[in-house]
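Each chain, written out:
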Amino acid sequence: MSTPATDSRWAVEPVTPFGLALHATVPGTHVREVPVEALRALVREHHLVLLRGFDSFDSAGQFSAYCESWGELAQWPFGTVLELVEKEQPEDHIFDSSYMPMHWDGMYRDHIPEFQVFQCVHAPGVDNGGETTFSHTPRVLERTDPRTVEQWARVTGTYHRAMEFYDSVTVSPIVTTHPVTGTPVIRYNEPTAADDQDFVNHPDLTFTGLDDAGIAEVHRTLRAALYDPEHLYAHAWQTGDLVFTDNYTLLHGRNAFTSGAPRHLRRVQVHGNPPLANPGLVK
Ligand SMILES: [Fe+2]
């Protein structure tokens with residue numbers, strides 16, 4: 001059986017500091033030609049896989065139908081495909097051009113998706129920012145001084161967020177384990193400065209387990225480690241890119257982009273088998 005790593009229709013290259021890229025080498029090669037089972041295994045192993053230069057999907061419906069070959073899709077009031085396009089008067093930062101703090105998808109929902117699939121319908125353009133940022137949390141834990149990790153492990157976050165699609169509270173220790181492999185991972189929604197007037201719809205975040213000075217130190221050291229270039233990959237979008245990521249392992253966010261830049265991503269979430277009931281959801 002051909003596997004993604006050994007096929008003449010694409011070249012496989014590492015992504016720095018983590019992840020794998022498949023570059024189509026034969027014009028007209030379609031994303032559907034890459035075997036899903038093998039691709040899924042690569043995403044679990046490398047946590048992020050980029051497909052570049054492939055033919056893909058002309059519509060959200062086609063994209064969603066393809067993603068169904070990966071597993072059960074997360075359903076939203078808008079369907080399965082989130083169209084990430086800047087809105088003129090956003091009611092939430094997700095539809096703004098601001099930066100997006102680190103978080104994990106599904107943190108406020110009944111189930112946490114295992115995978116995210118992104119299609120870049122239109123890139124924001126060179127020098128316009130808008131990279132999607134991914135932090136490799138097991139590597140962060142491995143490479144950080146154990147005494148610092150011990151401080152992180154004492155802290156629990158309580159997160160409350162009300163937006164168009166939910167109004168939920170989630171409680172999660174910062175250091176926890178991958179629900180399938182047991183590998184230590186980080187679950188953290190990075191706070192934004194309360195005085196950042198440009199950030200639309202702040203969530204309410206509370207952290208407990210240490211005194212105020214200890215909590216402040218945890219935020220400082222954790223942020224530095226998550227954004228350390230050794231652990232952080234910032235994906236600069238090119239039109240046509242498909243990116244598959246491991247939401248059980250990575251945290252992700254977004255760099256700010258030039259307002260009005262033509263950035264258009266589609267995102268679908270794929271559940272694990274069985275779907276992971278959100279362990280932190282309180283209401
Ligand atoms: Fe997200």
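Please read all numbers here as calculations on a predicted model, not as lab measurements.

What counts, and where the lines are drawn
Residues numbered from 1 in each chain as written. Predicted model: local features only at pLDDT ≥ 70, side-chain atom pairs only at ≥ 80, totals over all residues. Helix = DSSP H or I, 4+ residues; strand = E, 2+ residues; numbered from the N terminus. Rg over C-alpha atoms; globule rule 2.2 N^0.38 Å. Buried ≥ 20, exposed ≤ 12 C-beta atoms within 10 Å, placed from the backbone. Contact = placed C-beta atoms within 7 Å. Pairing = 2+ DSSP bridges. Expected span 1.5 Å × (residues − 1). Arc of directions from axis to C-beta. Core = buried A, V, L, I, M, F, W, Y, C linked by C-beta atoms within 7 Å. Axes fitted to C-alpha atoms, helices over the stretch in contact; angles between N-to-C directions.

Attention shifts here to the overall build of the protein. Across its full length, the protein holds five helices and 18 strands. A compact globule built from 283 residues should have a C-alpha radius of gyration of about 19 Å, and the protein, at 19 Å, falls within 12% of that. With the principal axes as the frame, the protein shows a C-alpha extent of 60 × 40 × 35 Å. Burial status across the protein gives 39% buried among its 283 residues. Considering only contacts within the protein whose residues lie at least 6 apart along the sequence, 78% involve residues at least 24 apart.

This next bit is on unusual backbone geometry. Note the cis peptide between T16 and P17, where omega equals 5°. In this structure, P274 follows N273 across a cis peptide bond, with omega equal to 0°. Checked against the element boundaries, P274 lands in the loop between strand 17 (264-270) and strand 18 (276-277). In this structure, D127 is a non-glycine residue whose phi angle is positive, near 70°.

A few words now on the pairing of strand 17. Strand 17 sits mainly inside the fold: six of its seven residues count as buried. Of the pairings in the sheet, the one linking strand 4 (residues 82-85) to strand 17 comprises four bridges and is antiparallel in character. Its bridge partner being in strand 17, E83 is matched across the sheet by R266.

In this model, helix 5 (residues 212-226) (15 residues) spans 21 Å end to end at C-alpha, consistent with the 21 Å of a helix rising 1.5 Å per residue. Among the residues of helix 5, those classed as buried are V218, L222, A225 and L226. Buried residues of helix 5, seen end-on, are gathered within an arc of 90° and therefore sit on one face of the element. Opposite its buried face, helix 5 presents the exposed residues D212, A213, A216, R220 and A224, each directed more than 90 degrees away.

Let's shift gears to the nonpolar core. Formed by 58 residues in total, the largest nonpolar core has its most connected members in V49, L51, V117, I186, L242 and F244. A total of five residues in this core trace back to one element, the largest contributor, which is strand 7 (residues 115-122). What V117 contacts, discounting residues up to four positions off in sequence, is C67, L242, F244, V268 and V270.

Okay, the sheet that holds strand 15 (residues 242-246) next. Pairing within the open sheet is mixed, and its seven strands lie in the order 1-2-3-15-7-17-4. The open sheet terminates on both sides in strands that have one partner only, identified here as strand 1 (10-14) and strand 4. For this sheet the average axis-to-axis angle between neighbouring strands, irrespective of direction, equals 20°. Pairing geometry for strand 2 (residues 20-24) and strand 3 (residues 48-52), over four bridges, is parallel. Paired with A21 across the strands is L50, a residue of strand 3. Running at roughly 30° to strand 17, helix 2 (residues 60-67) makes contact with strand 4, strand 7 and strand 17 of the sheet.

Right, let's get into the sheet that holds strand 14 (residues 232-235). With antiparallel pairing, four strands are arranged side by side in an open sheet as 5-16-8-14. Two strands in the sheet have a free side with no partner beyond their single neighbour: strand 5 (100-103) and strand 14. Taking the axes of each pair of neighbouring strands and ignoring which way they run, one obtains an average angle of 15° across the sheet. Bridge analysis of strand 5 against strand 16 (residues 250-254) gives two bridges, and the strand direction is antiparallel. Across the sheet, residue M100 finds its bridge partner in strand 16, namely R254.

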